[in-house]
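# Descriptive structure summary
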Amino acid sequence: MGIRLSVRISEVTGMKATQPIERHLEGKELSQNMSQKPEITDALDPFGTLRALRDINLEAWSKIMIDLVNSEAYSKATSQWLDTYLTLSQPFQRAIETTMTQVLTRLNMPTRADITSLAARMTNIETRLDDLDIKLDEIHRAIGALSASSHATNTSARAKAKGAH
């Protein structure tokens, strides 16, 4: 396995224990626990040692679980379990969907397919309205440019007519 070492709780917590309690630490847990000593604020606190032990154990479990979840074996096992679950649940899902469709049809209510179809139609309508809005804006700009150029032409023609008189 890894390096195995016995550590006295008093060495890790910095407090003196009345009875020597030993705990075996391995690998990463050992190096991290030896470098990180929990802080105990009150030496007279009877639960300080228990809190320190709790924190050390939680850290150790956390590291073990993180290593487990990040392993290839866990990933394969989870993938296989999910694949099996989905394969087994698919017939049930189809049966429930069929039953719900029949019930909703008998109650004269829209089914999932009806709602999906309606959403697709509304999206199509929205897209077409956006396209019409863009074309309408282009028409307004063209009319504005045309009226500005005709206004300029009329103004210059009037100026020439006044100058000729």
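Below you will find a few notes about this structure. Remember, it's a predicted structure, so these values are computed and weren't measured experimentally.

## Focus on the overall build of the protein
Helix and strand content of the protein: 5 helices and 2 strands. Sorting the 165 residues of the protein into buried and exposed places 11% on the buried side. Within the structure as shown, the protein displays about 14200 Å² of accessible surface, and the carbon and sulfur contribution to it stands at 60%.

## Considering the pattern of salt bridges
Here the structure, examined in full by the defined rule, presents 2 salt bridges. R54 is the salt-bridge partner of D55, the closest N and O atoms lying 3.1 Å from each other. Given the relative accessible area of 32%, D55 is considered partly exposed. Between E59 and K63 there is a salt bridge whose closest N-O contact spans 3.3 Å. With a gap of 4 residues between them, E59 and K63 both fall in helix α3 (residues 48-69), about one helical turn apart. By relative accessible area, K63 is classed as partly exposed at 32%.

## Digging into a nonpolar patch on the surface
On the surface, W61, I64, M65, L68, V69 and Y74 cluster together to form a nonpolar patch covering roughly 590 Å² of accessible area. For the nonpolar patch, the element with the highest residue contribution is α3, accounting for 5 residues. Relative to the helices and strands, L68 is located in helix α3. Accessibility expressed as a relative area gives 41% for L68, which makes it partly exposed.

## Remarks on helix α4 (residues 72-106)
In this model, α4 (35 residues) spans 50 Å end to end at C-alpha, consistent with the 51 Å of a helix rising 1.5 Å per residue. Its axis deflected by about 35° at S89, α4 carries its strongest bend there, up to four residues before the proline P91. Directly after α4, the chain includes N108, whose backbone phi takes a positive value near 60°.

## Some details on unusual backbone geometry
Even without being glycine, N108 reaches a positive phi, approximately 60°. Following the sequence through the fold, N108 ends up in the loop between α4 and α5 (112-164).

## Description of α3
Relative to the 32 Å expected for 22 residues at 1.5 Å per residue, α3 spans 31 Å between its end C-alpha atoms, a close match to the ideal helical length. All buried positions along α3 are accounted for by G48, A52, L53, I56 and A60. Projected down its long axis, α3 carries its buried residues within an arc of 150°, all on one side. In α3, the exposed residues that point more than 90 degrees away from the buried face are L58 and W61.

## Let's talk about a negative patch on the surface
On the surface, E126, D130, D131, D133, D137 and E138 cluster together into a patch of negative charge. Looking at the element boundaries, E126 is found in helix α5.

Here is what the cut-offs are and how they apply
Residues numbered from 1 in each chain as written. Predicted model: local features only at pLDDT ≥ 70, side-chain atom pairs only at ≥ 80, totals over all residues. Heavy atoms only, no water. Helix = DSSP H or I, 4+ residues; strand = E, 2+ residues; numbered from the N terminus. Buried < 20%, exposed > 50% of the residue type's maximum accessible area, 1.4 Å probe, protein only. Areas by Shrake-Rupley, 256 points an atom, 1.4 Å probe, with all protein chains shown as cover. Salt bridge = Lys/Arg side-chain N within 4 Å of Asp/Glu carboxyl O. Patch = residues over 30% accessible without salt bridge, like charges linked within 9 Å, V, L, I, M, F, W, Y side chains within 5 Å. Expected span 1.5 Å × (residues − 1). Bend = angle between axes of the 7 residues up to and from the residue. Arc of directions from axis to C-beta. Lys, Arg positive; Asp, Glu negative; His and termini not counted. Charge placed at Lys NZ, Arg CZ, Asp CG, Glu CD.

By themselves, these are just geometric observations and shouldn't be taken as functional.
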